[in-house]
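Residue-level structural notes
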Amino acid sequence: MTMICGTTSRRFVLCSTTTTFPAAAAAGSSSSSSSIGVIRVRAGRRAKPLPPLRCASSSGMEPSAGTALYPLHRCKTIYLVRHAQGIHNVAGEKDFNAYMSQDLFDAQLTPLGWSQVDGLREHVKKTGLANKIELVITSPLLRTMQTAVGVFGGENYTDGVSAPPLMAENAGHSGRPAVSSLNCPPFLAVETCREHLGVHPCDKRRSITEYRPLFPAIDFSLIENDEDVLWEPDVREANESVALRGMKFLDWLWTREEKEIAIVSHSGFLYHTLSMYSKECHPTIRDEVGKHFANCELRSMVLVDRSMLGSDSPSFNYPGKIPAGLDLPSDIADQKQEAQKK
């Protein structure tokens, strides 16, 4: 756990939790390690300085950076996932120039990628995470949506049920059975968490009209344009722009009522967003947050609103109240009776 990290426009606290699924070369590979919590304040008009969090050491009562307290209703837990291995990852590792190939347009998962999906799915079910997540947000590209529904979706789809499938059979030449939308959280496609925009055909999406039959139960209502108007063939989005887009995305999460949210995105988006958050933090935290995500890696983080951007009221708090009447400790009752006589 570190203390507050600051810039001129934002202040953060990064804290350690314990839910991570690391990179897996094949299904079934998993372990536990530390993950990161992000405590932040929204940039905006000048306000009074925020007080530091009160911390206490584990060995005594002197203040330290060991622990921190914050109201639960101002926190969200987010589970960040990079998509599993895609055909562009294989080609690009052999020859970086392959990223320019039109053959990699909207790249789909490889067979190994699907094995990684199966491994992460087993992990989220075994740990109980599958039952906690209230919403799955996915970048609207083929490889991220395949990963999202493969990890967090229902079981194999059966014809005749009332709910539409999350993924149709063989979507994206996957060779996979259809995935059910029963007994799983809602899925929402959001363009703000896409990969670097421009130049590389693998990062250009298909039209929403093409995606809907492939992923019938994914909600595409937040995407304004049917065609991909964000991707440009000769302009690659700057790293700083990706990071700022990531900041806006995390701010937008506070408009959602869900508290446990899975987000399936891309290496560049996750790396530049988290690097922006952690660049002024302790080197240990900066290194941990700023690491590139491996394919199908999951990291859990705590997002805390210090700016009161969120409007939720506490759900579990209960104000202590003394009930009316004389059913009180005798000394309190006597005092109340004497006060009433006066």
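As the structure is a prediction and not an experimental result, all values here were calculated from the model.

**Points about the confidence of the model for the chain**
Averaged over every residue, the pLDDT of the chain is 81; residues scoring 70 or more account for 72%. Considering only residues more than four positions removed or in separate chains, one finds that residues 1-16, a stretch of pLDDT under 50, has 69 contacts. Segment residues 27-59 is flagged for pLDDT under 50; beyond a separation of four residues in sequence, or across chains, it makes 109 contacts in the model.

**Concerning the environment of Ala217**
When you line up the elements, Ala217 lands in the loop between helix 5 (208-214) and strand 8 (218-219). Taking the C-alpha atoms as reference points, Ala217 and Phe187, separated by 30 residues in sequence, lie 7.3 Å from one another. Here Ala217 is in contact with Pro164, Pro165, Leu166, Ser181 and Phe187, once residues within four sequence places are set aside.

**Examining the nonpolar core**
Residues Leu120, Phe152, Phe187, Phe215, Ile218, Phe220 and Leu298 are the most contacted members of the largest nonpolar core, which totals 35 residues. Counting residues per element, the ones that place at least two in this core are strand 5 (75-82), helix 2 (111-126), helix 4 (142-152), strand 7 (187-189), helix 5 and strand 9 (260-265). Of all the elements, helix 4 adds the most residues to this core, at six residues. In contact with Leu120, other than residues within four places in its own chain, are Phe21, Val81, Val151, Cys296 and Leu298. Residues Val190, Leu270, Phe293 and Leu303 belong to the second largest nonpolar core, which totals 24 residues.

Calculation rules
- Residues numbered from 1 in each chain as written.
- Predicted model: local features only at pLDDT ≥ 70, side-chain atom pairs only at ≥ 80, totals over all residues.
- Heavy atoms only, no water.
- pLDDT = per-residue confidence, 0-100.
- Contact = heavy atoms within 4.5 Å.
- Helix = DSSP H or I, 4+ residues; strand = E, 2+ residues; numbered from the N terminus.
- Core = buried A, V, L, I, M, F, W, Y, C linked by side-chain atoms within 4.5 Å.
- Buried < 20%, exposed > 50% of the residue type's maximum accessible area, 1.4 Å probe, protein only.

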